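# Chains, contacts and geometry: an overview
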Amino acid sequence: MIKPIYKGKVITLNIDTVTLPNGVTIDLEMVRHPGAAAVVPLKEDGTVVLIRQFRHAAGGFIYEIPAGKLHHGEEPTACAVRELEEEIGYRAGRLELLSSIFTAPGFTDEVIHIYKATGLTKGRQQLDRDEVLEVIEMPLADAIGKIHDGTIRDAKTIVGLQAVSLQGITQSGVA
């Protein structure tokens, strides 16, 4: 049984009555989300393009890869292409799916599809009214360092940057 609690422009909150595999029936608070796509924009010289965005829930500005929620019926690849240009003003010559991750499977069904974008060319940045951000470029190695020193704490960004970094290691024969 599903009891609707709240329906907003981004999420829906329900109470789902669920019978678990062990036979126990419980009520779970479930946040339903349409999903999202995120992109690690990587230039030919190894520079990664990040954003430093204001996030109220995080208490201020955080470093992230460009990302956004899927529109109804939208394919994740199309969302990735759209968000890349809207947020940082670049178009990708090539997109490669790195991973699809559950953000917090204990209470939400949100899945973020994370891509690597290469062959970047200039497009046109078009921020939404509620997007307060600056575009930051840095070597991939510096971004990985910011994960290790705790500066980068956003999960999708950590997964994406580390996946790209690991690709570079395995392609160079180090791993």
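Everything below is about the structure printed above this text.
Report on the accompanying structure. All figures in this text were calculated on a predicted structure; none of them were measured in a lab. Numbers given to residues run from 1 along each chain, matching the order in which its sequence is written. Reporting of local features is limited, given that this is a predicted model, to residues whose pLDDT is at least 70; pairs of side-chain atoms are given and counted only at 80 or more, and all residues count toward the totals for whole chains, interfaces and linings. Based on all heavy atoms of the structure, the side-chain values leave hydrogens and waters out of the count.

## Here we look at the overall build of the protein chain
Counting its regular elements, the protein chain contains three helices and twelve strands. Its C-alpha atoms give the protein chain principal-axis dimensions of roughly 55 × 40 × 30 Å. Going through the 175 residues of the protein chain one by one, you find that 40% of them count as buried. Of all intrachain contacts in the protein chain linking residues separated by at least 6 positions in sequence, the fraction that spans at least 24 positions is 57%. Reported accessibility uses the Shrake-Rupley method at a 1.4 Å probe radius. Residues are deemed covered only where the shown protein chains occlude them. Carbon and sulfur atoms make up 55% of the accessible area of the protein chain, which amounts to about 10,100 Å² in all. Positive and negative side-chain charges in the protein chain, numbering 18 and 23 respectively, have mean positions lying 3 Å apart. In DSSP terms, a helix is any run of H or I states spanning at least four residues, a strand is any run of E spanning at least two, and both are numbered starting from the N terminus. Burial classification: accessible surface area is computed with a 1.4 Å probe over protein chains only, and a residue below 20% of its type maximum counts as buried, one above 50% as exposed, and the rest as partly exposed. Residue contacts are defined here by distance: any two heavy atoms, one from each residue, within 4.5 Å place the two residues in contact. Under the counting rule used here, the positive set is Lys and Arg, the negative set is Asp and Glu, and His together with the chain ends is not counted. Where a charge sits is defined by one atom per residue type, namely NZ (Lys), CZ (Arg), CG (Asp) or CD (Glu).

## Notes on the sheet that holds strand S6 (residues 60-64)
Strand pairing in a sheet takes place through backbone hydrogen bonds and is either antiparallel or parallel in direction. Across the sheet, three strands lie side by side as S6-S5-S12; this open sheet has antiparallel pairing. One side of each edge strand has no neighbouring strand; the edge strands of this open sheet are S6 and strand S12 (133-139). The mean inter-strand angle of the sheet, taken between neighbouring strand axes irrespective of direction, is 30°. Looking at chain direction, strand S5 (residues 47-55) and S6 are connected through five bridges and run antiparallel. Bridge assignment links glutamine 53 to a residue of S6, and that residue is isoleucine 62. On the sheet, helix H2 (residues 140-148) packs against S5 and S12 and is oriented at approximately 110° with respect to S12. By this definition, two strands are paired if DSSP reports at least two bridges between them. What counts as an axis is a line fitted to C-alpha atoms, over the stretch in contact for a helix, and the angles between N-to-C directions run from 0 to 180 degrees.

## Topic: the packing of aromatic side chains
Both the distance between ring centres and the angle between the ring planes are used here to describe each pair of aromatic rings. Centres within 6.5 Å make a pair out of two Phe, Tyr or Trp rings, where for Trp the six-membered ring is used; the pair is then stacked when the planes are under 30 degrees apart, edge-to-face when over 60, and tilted otherwise. For the structure shown, the criterion picks out one aromatic pair. Aromatic pair phenylalanine 54 and phenylalanine 61: ring centres 5.7 Å apart, planes at 70°, arrangement edge-to-face. Lysine 122 extends its terminal NZ or CZ atom over the ring of tyrosine 90, reaching a point 4.5 Å from the ring centre. Criterion for a charge above a ring: Arg CZ or Lys NZ at most 6 Å from the ring centre, at most 35 degrees from the ring normal.

## Thoughts on the environment of proline 34
One can find proline 34 in the loop between strand S3 (25-32) and strand S4 (36-41). For the pair proline 34 and isoleucine 11, spaced 23 residues apart in sequence, the C-alpha to C-alpha distance is 7.7 Å. Those residues in contact with proline 34 that lie beyond four places of it in its chain are Val10, Lys69 and Leu70.

## Quick word on the pattern of salt bridges
A pair is scored as a salt bridge if a Lys or Arg side-chain nitrogen falls within 4 Å of a carboxyl oxygen belonging to Asp or Glu. Within the structure shown, the criterion is met by 13 salt bridges. Its salt-bridge partner being lysine 156, residue glutamate 64 comes within 2.6 Å of it at the nearest N-O pair. Remark: lysine 156 occurs in helix H3 (residues 155-171) and glutamate 64 occurs in strand S6; sequence separation between them is 92 residues. Of the two residues examined, glutamate 64 and lysine 156, each falls in the buried class.

## Looking at a nonpolar patch on the surface
Taken together, the side chains of Ile5, Tyr6, Val10 and Ile11 make up a nonpolar region of the molecular surface, amounting to roughly 340 Å² of accessible area. Residue position: valine 10 is located in the loop between strand S1 (2-7) and strand S2 (12-19). Nonpolar side chains (Val, Leu, Ile, Met, Phe, Trp, Tyr) within 5 Å and like charges within 9 Å form the patches, drawn only from residues with over 30% relative accessible area and no salt bridge.

## Quick word on the nonpolar core
Nonpolar core, defined: a set of buried Ala, Val, Leu, Ile, Met, Phe, Trp, Tyr and Cys residues in which side-chain atoms within 4.5 Å join the residues together. If you look at the biggest cluster of nonpolar residues, it comprises 21 residues, and the most contacted ones within it are Leu50 and Leu161. When residues in this core are grouped by element, the largest group, four residues, is from H2. Dropping the residues within four chain positions of it, leucine 50 is found in contact with Tyr63, Glu64, Ile65, Glu134, Val135, Ile136, Met138, Ala143, Ile152 and Leu161. Core analysis: the second largest hydrophobic core is formed by 14 residues, Ala80, Leu84, Tyr115 and Leu120 among them.

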